[in-house]
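# What the coordinates show
One letter stands for each residue in the lines below.
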Amino acid sequence: MSVVIRPIELKDKEAWTKLWCDPEQSYLEFYKGLDKVTKEATENTFSRFLDPNIASYAAVAEVNGELIGFVTYLTHIYTWSEQDKTYLGDLYVSPNSRLGGVGRKLIEYVYGEADKLNCPNVYWSTQFENHRAQLLYTKVGVKSGFLLYRRP
Ligand SMILES: CC(C)(COP(=O)(O)OP(=O)(O)OC[C@H]1O[C@@H](n2cnc3c(N)ncnc32)[C@H](O)[C@@H]1OP(=O)(O)O)[C@@H](O)C(=O)NCCC(=O)NCCS
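Residues numbered from 1 in each chain as written. Predicted model: local features only at pLDDT ≥ 70, side-chain atom pairs only at ≥ 80, totals over all residues. Heavy atoms only, no water.

A few words now on the site of the ligand. Near the ligand there are 21 residues, and of these Leu99, Arg104, Asn130, Arg132 and Lys139 occur at the shortest range. Between the ligand and the protein, one listed contact pairs a nitrogen atom with a backbone N or O atom of Leu91 at 2.8 Å. A distance of 2.7 Å separates an oxygen atom of the ligand from a polar atom in the side chain of Arg132. Going through the elements one at a time, strand E4 (85-93), helix H4 (102-116) and helix H5 (131-140) are the ones with two or more residues in the shell around the ligand. The greatest single-element share of the shell around the ligand, amounting to 6 residues, is contributed by H5. A class-by-class count of the residues in the shell around the ligand yields 11 nonpolar, 6 polar and 4 charged. (Near = heavy atom within 4 Å. Polar contact = N/O pair within 3.5 Å; in protein donor to acceptor, adjacent residues only side chain to side chain. Helix = DSSP H or I, 4+ residues; strand = E, 2+ residues; numbered from the N terminus. Nonpolar A, V, L, I, M, F, W, Y, C, P; charged D, E, K, R; others polar.)

Pairing within the open sheet is mixed, and its 5 strands lie in the order E1-E2-E3-E4-E5. Each edge of the open sheet carries a strand with a single partner, namely strand E1 (4-7) and strand E5 (121-123). In this sheet, adjacent strand axes meet at a mean angle of 25° when their direction is disregarded. Pairing of E1 with strand E2 (residues 56-63) involves 4 bridges; the strand directions are antiparallel. (Pairing = 2+ DSSP bridges. Axes fitted to C-alpha atoms, helices over the stretch in contact; angles between N-to-C directions.)

Let us now look at the UniProt feature "domain: N-acetyltransferase" (unreviewed entry) in the protein chain. Per the UniProt record, "domain: N-acetyltransferase" (unreviewed entry) is found at residues 3-152. Split by type, residues 3-152 is 33% helix and 23% strand. Its first and last C-alpha atoms lie 40 Å apart. (UniProt positions renumbered as here; feature names shortened; annotations may be inferred.)

What follows covers the pairing of E4. Of all 9 residues in E4, 7 are buried, a share of seventy percent or more. The pairing of strand E3 (residues 66-76) with E4 spans 8 bridges and is antiparallel. Among the inter-strand pairings, Thr75 is bridged to a residue of E4, identified as Thr86. Across 3 bridges, E4 lies against E5 in parallel orientation. When the bridges of E5 are listed, Thr86 appears paired with Val122. Assessed by its sense of winding, the connection that carries the chain from E4 through H4 to E5 is right-handed. (Buried < 20%, exposed > 50% of the residue type's maximum accessible area, 1.4 Å probe, protein only. Right-handed = clockwise from strand over helix to strand, strands pointing away.)

Before going further, it helps to spend a moment on the pattern of salt bridges. Tallied over the full model, the rule gives 8 salt bridges. Salt-bridge contacts for Lys18 lead to Asp22; the nearest nitrogen and oxygen are separated by 3.2 Å. Among the residues examined, Asp22 registers a relative accessible area of 15% and is labelled buried. Each of Arg6, Glu9, Lys11, Asp12 and Glu62 takes part in a single network of salt bridges with overlapping partners. (Salt bridge = Lys/Arg side-chain N within 4 Å of Asp/Glu carboxyl O.)

Let us look at helix H3 (residues 39-49). Each α-helix winds once per 3.6 residues, and so residues spaced three or four apart point in a common direction. Buried within H3 are the following residues: Thr42, Thr45, Phe46 and Phe49. The buried residues of H3 all sit within an arc of 95° when viewed along its axis, so they share a single face. Next to the buried residues of H3 lie helix H1 (13-21), E2 and E3. (Arc of directions from axis to C-beta. Contact = heavy atoms within 4.5 Å.)

Turning to a nonpolar patch on the surface, a few remarks are in order. Together, Phe128, Leu147 and Tyr149 give the surface a local cluster of nonpolar side chains, amounting to about 460 Å² of exposed area. Along the chain, Phe128 turns up in the loop between E5 and H5. In this structure Phe128 comes out as exposed when scored by relative accessible area, which is 66%. (Patch = residues over 30% accessible without salt bridge, like charges linked within 9 Å, V, L, I, M, F, W, Y side chains within 5 Å. Areas by Shrake-Rupley, 256 points an atom, 1.4 Å probe, with all protein chains shown as cover.)

Written out as structure tokens, the structure is:
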């Protein structure tokens, strides 16, 4: 399987939206987030990937012209350093294309882009029960030692 990882483009909108929020099988379906993310939020998220003035990015994994996965990331200031940090927000590989190294390639792509943006400190979070993702994360990252809290 020859996979190309590249920045998302306008022409990817339909295919990316399917990977993002298809009711049968998608990233939001996986996270049970279909009813939490409005159509407007999805539109806004996509358009921000393409806005050069907003530090929100996405890359897609493509095989023979078909999108089989994506990753999103953003950069933000960091009080401890002059270099901004990179937060990897969403990662998804369609079920039929898993276990072929695509998830790893998407993360490694973000590492490369983060270096180019001079924001090499890349971090992300996952759910405790997402053991499948963690099998990959232990190969490409280290546990931060921090727990994530949110406002109730
Ligand atoms: C998590 C996800 C992105 C991984 O994508 P993927 O393309 O299947 O991942 P990869 O094939 O690159 O990962 C393979 C790595 O995990 C390891 N791995 C996978 N299954 C394993 C298993 N059963 N036992 C041991 N290691 C395993 C492999 O050894 C491999 O490491 P290697 O590259 O050194 O060989 C994908 O499963 C997915 O989209 N899941 C649903 C959404 C999700 O959970 N997203 C992440 C949210 S934080």
